[in-house]
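Geometric and topological summary
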Amino acid sequence: MKPLELYRWMVLNRMVEERLVNFYRQSKVVGGLYRSLGQEAISIGTASVLEPQDVVAPLIRNAGVFLMRGYRPRDLFMQYMAKAGSPTGGRDCNTHFGDVQKGVIAPISMLGAMIPVCAGIAWAGREQKKNLVAMTYIGDGGTSTGDFHEGMNLAAVWKLPLVVVGEANQYAYSTPTHSQMAITDLSDRAKAYGMAHATVDGNDVLVVQEAARKAVEYARSGKGPFFLTCETMRMRGHAEHDDARYVPAELFEQWKLKDPLERLKASLKGQEAVLAGIDDEVRELVEAEARIADESPMPDPDFAFGRVFA
Amino acid sequence: MKPLELYRWMVLNRMVEERLVNFYRQSKVVGGLYRSLGQEAISIGTASVLEPQDVVAPLIRNAGVFLMRGYRPRDLFMQYMAKAGSPTGGRDCNTHFGDVQKGVIAPISMLGAMIPVCAGIAWAGREQKKNLVAMTYIGDGGTSTGDFHEGMNLAAVWKLPLVVVGEANQYAYSTPTHSQMAITDLSDRAKAYGMAHATVDGNDVLVVQEAARKAVEYARSGKGPFFLTCETMRMRGHAEHDDARYVPAELFEQWKLKDPLERLKASLKGQEAVLAGIDDEVRELVEAEARIADESPMPDPDFAFGRVFA
Amino acid sequence: MSSSTTEKPHLGGAEVATGRGVTLLEGVRQALWDELESDPSVYLIGQDIGHFGGAFKVTAGLQEQFGDHRVKDTPISESGMIGAAIGASMLGLKVVVEMQFIDFIACGYNQLVNFAALCRYRWGQGVPIVVRGPCGAGVSGSAFHSQCPEAHFMPTPGLKIAFPATAEDAYGLLRTAIQDPDPVLFLEHKFLYRRVRGDLGGPIPFGQAAVRQRGTDLTIITYGATVHTALEAAAALEGHSVEVVDLRTLVPLDEDTVLDSVRRNNKVIVLHETQRNLGPGAELSARIAEKAFEYLDGPVVRVAAPDSPTPYSPTLEKAWLPGVEQVLHAARELLAY
Amino acid sequence: MSSSTTEKPHLGGAEVATGRGVTLLEGVRQALWDELESDPSVYLIGQDIGHFGGAFKVTAGLQEQFGDHRVKDTPISESGMIGAAIGASMLGLKVVVEMQFIDFIACGYNQLVNFAALCRYRWGQGVPIVVRGPCGAGVSGSAFHSQCPEAHFMPTPGLKIAFPATAEDAYGLLRTAIQDPDPVLFLEHKFLYRRVRGDLGGPIPFGQAAVRQRGTDLTIITYGATVHTALEAAAALEGHSVEVVDLRTLVPLDEDTVLDSVRRNNKVIVLHETQRNLGPGAELSARIAEKAFEYLDGPVVRVAAPDSPTPYSPTLEKAWLPGVEQVLHAARELLAY
Ligand SMILES: Cc1ncc(C[n+]2csc(CCOP(=O)(O)OP(=O)(O)O)c2C)c(N)n1
Ligand SMILES: Cc1ncc(C[n+]2csc(CCOP(=O)(O)OP(=O)(O)O)c2C)c(N)n1
Ligand SMILES: [Mg+2]
Ligand SMILES: [Mg+2]
């Protein structure tokens, strides 16, 4: 995907979340708001290399992935505002939505659970000769779960076309990575499975895209699963209610200089006018979508019932 | 521990199990009988370096560990025969018994579960300044469980005095190791945790003892946990009912040449008379113990009830 | 624990049912065979289920017939196995996951109750998987190879539970389970595996209890292995006409058949092997009270295992298991009520 | 989900109870503080419970006071955490494990039900651990941050379950739980955390229900957040004298207080927030039938959540939660029975 396209997706990702912050401040967001500020290059860079037949399971920090898979900003807005028109009709929260037709699987909250599930998707795709790759994400903290282990091991033993993207963003809620694991390179997790792996700069969308392209190629070619660690920084609290006081100010400052959007901009010298045009187009789109979502109704109480079984 | 002592323990371990096979053939063993034939050097070599204050959690292939921690052959016989006089009074089976006073923790069947539990023991021991090391065992197959991962990671992050002995015996029930993991050296599992590790010949009790001594020293000195892989071969079926037809005959033949007892004997050239003396002493002991166990009563039905809560 | 475990007939009734036809274990195998044969989207995964045929040999011969893609060994990862089945089901596979012993489902609990069961409600995605395996006591399996886990899963919305008592039902219910659009926990009592025999029929719909014996004085509601205990007790209650209702599936529950029997007989015993406290018997007692209170000539009486783990020693296990004696005792008291 | 989640008062009664004293959340914190202070063998572990004070700030200030040995952060490993607590307990530590949300206990299910709960029966080894955390709906937490998991654990022999409804009980029951020689699942309803207040007393023994309101026409048996729902409903039933029994602990269950109330009032509603199918209400209904059948002037009626996951949107969650309206409806029907 071309840098300008990547730029547009990253801007869209960021503006959608910024608009959600406004909704949150207006108490229109029901529950917590989870940002991916500073990590957008990971969602955009990795999703940018997926084919239509591929299946992806985004987590709470992957709003950008939903957008790239065909969901509209209003879908995310309505999800966070628990509206009737949201993908789940208000039954589930934030990024807990999906549609197999769109190649998107909704997560459950229990961290790690998506890894075995996506291994199963990769397995089914191979059995069905769909030439698909399954991709999912995991935070540094999420790799401490038993499900991460069981899913990674199974994928390696079955040589499944699975790409797991590790978002090493320095923290799990308030817990710094060194209190979560005794390794410094998250990719070392893959060594227990004999799984191919790489660690890259997660704040450079071009680097992420290239690494993801290789990882997906590797998986699609039948060589087996791939664990791609993207080093980055969670630039907000765990959720908007969390002021992240536990993060040293210097850490934020140091990472602010590596903002993925600014870095991509810098690499697009001379195209300021084009970029500004994209910014305007996206801003308008987001506003229009936000208005639609905002004005849309809450679900009818009756929708609370039924559809437990087919 | 001196080679002759190690020899006695290994002979005791083997003769106890051989006597159990007789009981099994007489249908006096209730349920399955799990052998450690060919793996005795691991139980004996590792348990031989433990101090009185240390705590160990043996699994089904570690009958020898119970013996070295002060249990008598009759205890194992009675456990397997579900007798009233067994350590659990007939409430639980085979090696599902223990006594914190003896520094022995009883396992549950769910593989992997002992790793977090022994991490907790190592943690408590450190808090209580007991200068203790916790040791437990895991089969190659057992390392595929989520609990293995969560326990190993926790032990590494907390730098706990825990030694986990991996018994790489080529199979998990009928499943060869290559269908269980995509690595060939079980020690690679430790790399995901930044945990110290080593892989040694599990059929040479002197090698195992020396490696275990180093691992326990490392853990006791506060450096953190240690994963010690002992390469070996399960020389019987998963349990006595299993004829292990799925194991290539050559594999058995090749490993038979590495029988740990024979190898230790060979290294004790010139002491044949002493060894023969040990054999006789142990044989008599085992027979006497077997008789006591055999003649002992089954539990009173009333013992089925109560002691669910304190 | 293994298929060769010396099995002691603690469950009374079970032997009575032996006779011609195929065993319950063969019924399970035949259902798997027929589904693998008739539906290319059906897959089996589990530990040692391939060339080895599983700890109880339930899947013996299936990998040879259908290949190692359709019948696949897994690492020792219950959560990984169930999770993989969930993912595969979203792409259209129908995966049957074997727990080597159902007790180990505790290690895959989260995937089953939080992922598989809740998907359809949350975002409309069905998860047609079957998790099956040997359960139950009576074979000296002790605490971790004897469990009947149905009570731990019944409160989970979105999960169906089947528990056959006969070879016909094992076959018919398993075929239905595999084609069901929702997740199913399928419980096979290992004590019955080789003890009950019958002729196989076709698929059997969920939610239809079977009245194993008609009667007019008392109704015993049960399922699984204790259906045979109930039948033996009924036979022993000379002079009394006892009806035995086999629920077959706990979710969905055939309320109509239960209530119809209650309204006719007015006295009810609920019998199950699993522990008493908040066992399925509690739900039956509560529903009967709510929907047929005025028809009751006595309290709904529960006969179940005591609230302790299954002990190992045959003498202890026999005392622990709810047997014919307990049923007779409860029945006589209730009849005299 | 988080402590700052916009909370909507779906549970009716709860606000009524606000007033002077400390909040239920502060009661939990005070119990932890007092135990850490009075017993050096008490330790707390959990995710983000240290300097951060936990997702709900329950442990705020404890690490500063008692140090990072006694109050310790863990990796995201529920099974590892519970397993570690089990092991530590065998050497004499009393470890309190926080689930950031109790829903995640599903990931540590095996360690709690198969290891902790069964040790004493199997080999005589007690496992005095407490697993505690925020549970319950009413704060738009949707399916995985709203669960009341008690029904999934009640069938487990060897596990105690406490579920306080007031600040006093949160304090008193938690102190008892930490000193209890057996494993305890301690459920704290997050909707009550900052909504109910009271003065703290001393430890409160398990197995002693509290009659929150005396009455003569009808008994409502409940526990946790719905105690407040019951009290509001009772107040709204003008002209009728309603007794409200708060069980406080589900295991052990205070049968005496329950049966005494049933024998006096002859009409019973069992109310709980968790789903209806095989919820604790089923066990109460069954026990009352078995032990006080002849005292019943009507069926034991259950009021509980429908058998579906907790929905997210406030409009849906309000409809889903068993509220005052449902209790009034059931009560009027039963009173007229
Ligand atoms: C099994 C489980 N335990 C606990 C939680 C609560 N929880 C939600 S997010 C989170 C931190 C996740 O950190 P990380 O995996 O690094 O992802 P990040 O938030 O940094 O993107 C925790 C502990 C959970 N969702 N699942
Ligand atoms: C969680 C869990 N799943 C399945 C089993 C059934 N099981 C018992 S032993 C065994 C094989 C274990 O293999 P390994 O860990 O290599 O130990 P070994 O028998 O080779 O010593 C299996 C699958 C179990 N005990 N626990
Ligand atoms: Mg993180
Ligand atoms: Mg092995």
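Refer to the structure above for everything that follows.
Here goes a summary of the coordinates provided. (Residues numbered from 1 in each chain as written. Chains lettered and ligands numbered in written order. Predicted model: local features only at pLDDT ≥ 70, side-chain atom pairs only at ≥ 80, totals over all residues. Heavy atoms only, no water.)

Structural notes on the overall build of chain C
A tally of helices and strands in chain C yields 12 helices and 14 strands. By its C-alpha atoms, chain C is 60 × 45 × 35 Å across when sized along the principal axes. Taking all 337 residues of chain C together, the buried fraction comes to 75%. Averaging the locations of the 28 positively and 39 negatively charged side chains of chain C gives two centres separated by 1 Å. (Helix = DSSP H or I, 4+ residues; strand = E, 2+ residues; numbered from the N terminus. Buried < 20%, exposed > 50% of the residue type's maximum accessible area, 1.4 Å probe, protein only. Lys, Arg positive; Asp, Glu negative; His and termini not counted. Charge placed at Lys NZ, Arg CZ, Asp CG, Glu CD.)

Some remarks on the relation of the copies chain C and chain D
The operation relating chain C to chain D is a screw motion whose rotation component is 180°, with 0.0 Å of axial translation and a residual RMSD of 0.0 Å. The operation mapping one copy onto its partner corresponds to a two-fold rotation axis. Interface residue correspondence from chain C to chain D reaches 100%, placing this contact among same-surface, isologous pairings. (Least-squares fit on C-alpha atoms with pLDDT ≥ 70 in both. Contact = heavy atoms within 4.5 Å.)

Brief notes about the site of ligand 2
Contacts to ligand 2 come from 19 residues, most closely from Arg61(B), Asp140(B), Gly142(B), Tyr171(B) and Glu78(C). Around ligand 2, the neighbouring residues derive from chains B and C rather than from a single chain. At 3.1 Å, a backbone N or O of Leu111(B) approaches a nitrogen atom of ligand 2. Residue Gly141(B) places a main-chain N or O atom 2.9 Å away from an oxygen atom belonging to ligand 2. With the chains in place, 94% of the 590 Å² that ligand 2 exposes on its own is no longer accessible. Residues of the shell around ligand 2, tallied by class, amount to eight nonpolar, eight polar and three charged. (Near = heavy atom within 4 Å. Polar contact = N/O pair within 3.5 Å; in protein donor to acceptor, adjacent residues only side chain to side chain. Areas by Shrake-Rupley, 256 points an atom, 1.4 Å probe, with all protein chains shown as cover. Nonpolar A, V, L, I, M, F, W, Y, C, P; charged D, E, K, R; others polar.)

A closer look at the pattern of salt bridges
In total, this model carries 78 salt bridges over all chains according to the counting rule given. A salt bridge links Asp180(C) to Lys160(C), with the shortest nitrogen-to-oxygen separation between them at 2.8 Å. Taken together, the residues span a long stretch of sequence, with Asp180(C) in the loop between α7 (167–179) and β7 (184–189) and Lys160(C) in strand β6 (residues 160–162) at a distance of 20 residues. By the burial criterion, Asp180(C) is buried, and Lys160(C) matches it. Residue Arg214(D) pairs with Glu243(D) through a salt bridge whose shortest N-O separation is 3.8 Å. Of this pair, Arg214(D) sits in the loop between β9 (210–213) and β10 (218–222) while Glu243(D) sits in strand β11 (residues 242–246), and the two are 29 residues apart along the sequence. Taking the relative accessible area as the measure of exposure, Arg214(D) reaches 58% and is therefore exposed. (Salt bridge = Lys/Arg side-chain N within 4 Å of Asp/Glu carboxyl O.)

Describing the coordination of the magnesium ion (ligand 4)
The textbook angles at a metal center are 109.5 degrees for a tetrahedron of four donors and 90 or 180 degrees for an octahedron of six. All names here are of chain B. Looking at the metal site, the magnesium ion (ligand 4) is ligated by Asp140 (OD), Asn169 (OD1) and Tyr171 (O), spaced 2.0 to 2.1 Å from it. Sequence positions of the donors to the magnesium ion (ligand 4) reduce to the motif D-x28-N-x1-Y. Neither Asn169 nor Tyr171 differs from the other in exposure class; each is buried. (Donors = N, O, S within 2.8 Å, 3.2 Å for Na, K, Ca; no water.)

Points about the site of ligand 1
Taken together, 19 residues form the shell around ligand 1, and within it Asp140(A), Gly142(A), Asn169(A), Tyr171(A) and Glu78(D) come nearest. Those chains with residues close to ligand 1 are chains A and D. Between ligand 1 and the protein, one listed contact pairs a nitrogen atom with a side-chain N or O atom of Glu78(D) at 2.7 Å. For ligand 1, a nitrogen atom lies 3.5 Å from a polar atom in the side chain of Gln100(D). Across the complex, the protein chains shield 93% of the 580 Å² of accessible surface that ligand 1 would expose by itself. Across the shell around ligand 1, the residue classes break down as eight nonpolar, eight polar and three charged.

Some details on the sheet that holds strand β5 (residues 130–135) of chain C
Residue and element names in this part refer to chain C. Taken together, seven strands build an open sheet; the order of strands is β3-β2-β4-β5-β7-β6-β12 and the sheet is mixed. Whereas interior strands pair on both sides, the edge strands pair on one side only; in this sheet they are β3 (71–73) and β12 (249–251). Between one strand axis and the next, the sheet turns by 20° as a mean value, whatever way the strands run. As paired elements, strand β2 (residues 42–46) and strand β4 (residues 94–98) share five bridges and run parallel to each other. Paired with Val42 across the bridge in β4 is Lys94. Together, β2, β4 and β5 form the strand contacts of helix α3 (residues 78–90), whose direction differs from that of β4 by roughly 170°. (Pairing = 2+ DSSP bridges. Axes fitted to C-alpha atoms, helices over the stretch in contact; angles between N-to-C directions.)

Comments concerning the coordination of the magnesium ion (ligand 3)
Residue and element names in this part refer to chain A. Listed as protein donors to the magnesium ion (ligand 3) are Asp140 (OD), Asn169 (OD1) and Tyr171 (O); their distances from the metal cover 2.0 to 2.1 Å. Binding-site remark: the magnesium ion (ligand 3) is held by donors from one chain whose sequence spacing is D-x28-N-x1-Y. Here Tyr171 lies in strand β4 (residues 171–172) and Asp140 lies in the loop between β2 (134–139) and α6 (146–157), a separation of 31 residues in the sequence. Take Asp140 and Tyr171: they sit in the same class, and that class is buried.

Observations concerning the pairing of strand β2 (residues 42–46) of chain D
All names here are of chain D. By the criterion of burial, β2 is predominantly enclosed, with five of the five residues buried. In β2, alternate side chains face the same way, and those of Val42, Leu44 and Gly46 on one face and Tyr43 and Ile45 on the other are all buried. Here β2 pairs with strand β3 (residues 71–73) via three bridges, running parallel. Within β3, the position partnered with Leu44 by the bridge is Val71.

Observations concerning the interface of chain B and chain C
In this assembly, 40 residues from chain B lie in contact with 32 residues from chain C. By the criterion of area lost to chain C, the three top residues of chain B are Val30(B), Met110(B) and Tyr173(B), representing 20% of everything that side buries. Counting every contact that joins chain B to chain C gives zero salt bridges. Applying the counting criterion to the chain B and chain C interface returns 11 residue pairs in polar contact (both at pLDDT 80 or more). Grouping the constituent residues of the side of chain B that touches chain C by class yields 20 nonpolar, 16 polar and four charged. (Buried area = accessible area lost by both parts, 1.4 Å probe.)

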